[in-house]
Amino acid sequence: MRLGVIDIGSNTAHLLVVDAHRGGQPQPAASVRVPLRLIELLEADGSLGAEGEYALTACVREMREQAETLGVQDLAAFATSALRDASNGDQVLDRVRAATGVGIGVLSGEEEARLTFLAVRRWFGWSAGRLLALDIGGGSLEIGAGMHEDPEVVVSLPLGASRLTRGWLADADPPRRSDLAELRRYVRAQIAPVVGTIYHLGEHTRAVATSKTFRSLARIAGAEPYSRGPYTRRVLRRDDLADVVTRLTRMSAEERAALPGVSASRAGQLVAGAVVAAEALDLFSIEEAEICPWALREGVILRRLDWLTSA
């Protein structure tokens, strides 16, 4: 069965197409990314303006056509933080559906965390024991922890890399020390209350990080390039990350874009993402986080495949 999923994130829209069957590992068939940056197109009143709606509609229409060309038999679409937070998100998505024929569901932050955790669990398997999974998106940080496929604790915090860059670090490049200090205090204050809840379950066996932000940070810290394939083990160590954060905060966005694993479209928000990653690893006492190649999109596909094959 050829399945497709359109992920409308805060920064990027992504069409992922896989070939899958019950009991088998979904195999990637195609991947298309479009840098929409919806979170930057929100108006002062919190609504998505005409420019953002036009770009979203055109992107979804194009991705639906590509999915049809690729022979996708089942296409699902979902949106995350930017449209979840937009004051007119429901109305925009109604119009997008009328214009494109594609219905887009809006995931809550907790649903994001649950589906990401499912993908992490399926990738590492039961031998990984108690998992702690961290995912930094454009609009939010998702945390999941537990022993099973359905995590025992899920938390979504407004600590996305793009959101924090716009709110805390947009006035200077490289960022000012005072702004970074304030951002660190804010991030720690958001994450700290979650720590006790997570550790009440018991100490995790393995800490896992997903998302482009974590992959980029691991690559800067010396992890193998993604061209080596998904089965190459990649980790991000807390001590290495501290050094990376120090380097990044002294560089301009243009200089960061020249680093390995960093795209020009992500360079501007990488400092904020690095601060979130560093504070999370510190507060959860994570010495080493393993990078998982699967994340939210794969979790949506796995859940969809479970539903389709059991129906």
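Residues numbered from 1 in each chain as written. Predicted model: local features only at pLDDT ≥ 70, side-chain atom pairs only at ≥ 80, totals over all residues. Heavy atoms only, no water.

**Some thoughts on the overall build of the chain**
Condition: Secondary structure elements follow DSSP: runs of H or I of four or more residues count as helices, runs of E of two or more count as strands, with numbering from the N terminus. Only C-alpha atoms enter the radius of gyration, while the globule expectation follows 2.2 Å times N to the 0.38, with N the number of residues. Only protein chains enter the accessibility calculation, which uses a 1.4 Å probe; a residue is then buried when its area is under 20% of its type maximum, exposed when over 50%, and partly exposed in between.
Summing up its helical and strand segments, the chain has 12 helices and 11 strands in all. In terms of overall size, the chain behaves like a compact globule, its C-alpha atoms giving a radius of gyration of 19 Å where 311 residues would be expected to give roughly 19 Å. Overall, the chain is about 50 × 45 × 35 Å in size when its C-alpha atoms are taken along their principal axes. Burial analysis of the chain (311 residues in total) assigns 53% to the buried set.

**Observations concerning the sheet that holds strand β5 (residues 105–106)**
In plain terms, the rule: What makes two strands pair is DSSP finding at least two bridges between them. In this description, contact between two residues means that some pair of their heavy atoms is separated by no more than 4.5 Å. Each axis is a line fitted through C-alpha atoms, and for a helix only the stretch in contact is used; angles between axes span 0 to 180 degrees, taken between their N-to-C directions.
With mixed pairing, five strands are arranged side by side in an open sheet as β3-β2-β1-β4-β5. Two strands close off the open sheet at either side, each with one partner strand: β3 (27–34) and β5. Contacting β1 (2–8), β2 (13–19), β3 and β4 (74–79), helix α1 (residues 50–69) crosses the sheet at an angle of about 15° to β2.

**Comments concerning the packing of aromatic side chains**
Our working definition: Aromatic pairing here means that ring centres of Phe, Tyr or Trp (its six-membered ring) are within 6.5 Å. Orientation follows from the plane angle: under 30 degrees is stacked, over 60 is edge-to-face, and everything else is tilted.
Taken as a whole and judged by the stated rule, the model has three aromatic pairs. Summarising the aromatic geometry, the rings of Trp 123 and Tyr 231 are spaced 5.6 Å apart at their centres and angled 15° between planes, so their arrangement reads as stacked. Placement of the pair is Trp 123 in helix α4 (residues 109–124) and Tyr 231 in the loop between α7 (212–220) and β10 (235–237), with a sequence separation of 108 residues. Taking the relative accessible area as the measure of exposure, Tyr 231 reaches 59% and is therefore exposed. For the ring pair Trp 123 and Trp 294, a centre distance of 5.2 Å and an interplane angle of 65° mean the geometry is edge-to-face.

**Description of the sheet that holds β10**
Pairing in this open sheet of six strands is mixed, and the strands run β8-β7-β6-β9-β11-β10 from one edge to the other. Both outer strands of the open sheet, β8 (153–157) and β10, are each paired with one neighbouring strand and no more. On average, each strand axis in the sheet is tilted by 20° relative to the strand beside it, whichever way the strands run. Sheet topology note: the strand β9 (residues 206–210)/strand β11 (residues 288–291) ladder contains two bridges and is parallel. Within the sheet, the bridge partner assigned to Ala 209 lies in β11 and is Ile 291.

**Some words on the pairing of β8**
Extensive coverage of β8 is indicated by the burial of four of its five residues. Two elements, strand β7 (residues 141–146) and β8, share five bridges in a ladder whose sense is antiparallel. Its bridge partner being in β8, Ile 143 is matched across the sheet by Val 155. Connecting β7 to the next strand, β8, in antiparallel fashion are six residues.

**Brief notes about the packing of helix α5 (residues 161–168) against helix α11 (residues 270–283)**
Our working rule: Each angle gets one of four labels, with under 35 degrees taken as roughly parallel, over 145 as roughly antiparallel, 65 to 115 as roughly perpendicular, and the rest as oblique. A crossing counts as left-handed when the near helix is turned anticlockwise from the far one by less than a right angle, and as right-handed when that turn is clockwise. Basically, the charged four are Asp, Glu, Lys and Arg, the nonpolar ten are Ala, Val, Leu, Ile, Met, Phe, Trp, Tyr, Cys and Pro, and anything else, Gly included, counts as polar.
Taken N-terminus to C-terminus, the directions of α5 and α11 make an angle of 110°; their axes are 8 Å apart at the nearest point. Here α5 lies roughly perpendicular to α11, going by the angle between them. Note on packing geometry: the crossing formed by α5 with α11 is right-handed. Taken together, the residues of α11 that come into contact with α5 (itself represented by Ala 161, Leu 164 and Thr 165) are Ala 272, Gly 273 and Val 276. Counted by class, the contact of α5 with α11 contains four nonpolar, two polar and no charged residues.

**Regarding the pairing of β1**
Where burial is concerned, most of β1 is hidden: six out of the seven residues are buried. Sheet analysis places β1 next to β4, joined by six bridges and oriented parallel. Counted as the bridge partner of Ile 8 is Ala 79 from β4.

**Points about the side chain of Ser 216**
Turning to its location among the elements, Ser 216 is positioned in helix α7. Every residue in contact with Ser 216, bar those within four places of it in the chain, is listed here: Pro 260, Gly 261, Val 262 and Leu 270.

**What about the environment of Met 1?**
Mapped onto the elements of the fold, Met 1 is located in the segment before β1. Look at Met 1 and you get partly exposed, because its relative accessible area is 44%. Linking Met 1 and Val 262, residues 261 residues apart in sequence, is a C-alpha distance of 34 Å. Residues in contact with Met 1, not counting those within four places in the same chain, are Val 18, Asp 19, Ala 20, Gln 73 and Leu 308.

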